[in-house]
Amino acid sequence: MTALVTINNINKVYSKGQVKTHALQDVSLTINKGEFIAISGSSGCGKSTLLSILGLLDTPTDGDYQLANIDTHSLNVDQRSSVRNKHIGYVFQSFNLIDSLTVFENVALPLEHRGTPSKDIKAAVEQQLAAVNMSARLHHKPSQLSGGQQQRVAIARALVGNPDLLLVDEPTGNLDSQNGDAVMRLLLELNKQGATVVMVTHDERYSQMAQRQIRLFDGKVLVEHKEAVA
Ligand SMILES: Nc1ncnc2c1ncn2[C@@H]1O[C@H](COP(=O)(O)OP(=O)(O)OP(=O)(O)O)[C@@H](O)[C@H]1O
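- The name an unreviewed UniProt entry gives the chain is ABC transporter ATP-binding protein, with Pseudoalteromonas neustonica as the organism.

Below you can see the structure in the form of structure tokens.
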């Protein structure tokens, strides 16, 4: 198995005036290519903080983070955003689509930032929207879609650049159970096709579907359960 992510003794301390919050305490984790990991735990235990650090949206106070053999500590701001663009897809609970852009334009964004030629963008966006069953809505605006459809578009945007790592924060949190189940089935299918997925969820039903489950408590890894490989 090939390690995609290695974090060692990550700590994150938020300081606001005199108040310090130790959001992550000595968290160490290896994520192999092709895994599907669910991170759960009660509110405030550090799930989103961990995902933001994995997604290079935030930096740890100390500790090491290697992604695809890159030591992320030594990256400057521009290098971090380039590594993020190339290696990471991020799906947010609130979709974070841009309302003034069409579905096609939203999904095209990561490739435009990379300077991909427009002919290649068109092919990749159409292929990715077909993979999430949203080909019929290319020219719609996000506000004209249901929540489940918006989340599928957000997943297409996260995957269009073939990232190594798909990070998903409460993907079903804003969806009813039918749409939530459909998004979960899609993530499992994408994982079967090779995507490495790390998903934060409150929903025990969905975390049980992951191959590996990590429960955080007060910023520490409390338990880890791994499905036996047959
Ligand atoms: N920007 C910030 N400044 C100060 N404290 C913060 C900040 N972000 C998070 N925290 C604190 O760090 C701790 C971990 O927060 P985090 O958002 O990672 O938890 P979580 O497990 O994702 O919670 P939830 O399930 O409610 O989203 C909490 O105590 C939170 O109050």
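Now that the structure has been shown, we can carry on.
Looking at helix H6 (residues 177-192)
(1) Moving on: Over its 16 residues, H6 runs 22 Å from end to end, which matches the ideal 22 Å to within 8%, given 1.5 Å per residue.
(2) Moving on: Among the residues trailing H6, Gly 194 stands out with phi positive, at a value near 125°.

A look at the site of the ligand
(1) Moving on: Taken together, Tyr 14, Lys 16, Thr 21, Ala 23, Gly 41, Ser 43, Gly 44, Cys 45, Gly 46, Lys 47, Ser 48 and Thr 49 are the residues near the ligand.
(2) Moving on: Of all the secondary-structure elements, those providing two or more residues to the shell around the ligand are strand E1 (3-16), strand E2 (19-32) and helix H1 (47-54).
(3) Moving on: At three residues, the largest contribution of residues to the shell around the ligand is made by H1.

Observations concerning the sheet that holds strand E3 (residues 36-40)
Whenever strands of a sheet pair, they do so through backbone hydrogen bonds, lying parallel or antiparallel.
(1) Moving on: Spatial ordering of the open sheet is given by E6-E7-E8-E3-E9-E10, a layout of six strands whose pairing is mixed. Of all strands in the sheet, those with a lone pairing partner are strand E6 (88-91) and strand E10 (220-226), marking the two edges. The sheet shows a mean angle of 15° between the axes of neighbouring strands, direction not considered.
(2) Moving on: Looking at chain direction, E3 and strand E9 (residues 212-217) are connected through four bridges and run parallel. Bridge pairing links Ile 37 to Arg 212 in E9.

Rules used in this analysis
- Residues numbered from 1 in each chain as written.
- Predicted model: local features only at pLDDT ≥ 70, side-chain atom pairs only at ≥ 80, totals over all residues.
- Helix = DSSP H or I, 4+ residues; strand = E, 2+ residues; numbered from the N terminus.
- Expected span 1.5 Å × (residues − 1).
- Near = placed C-beta within 6 Å.
- Pairing = 2+ DSSP bridges.
- Axes fitted to C-alpha atoms, helices over the stretch in contact; angles between N-to-C directions.

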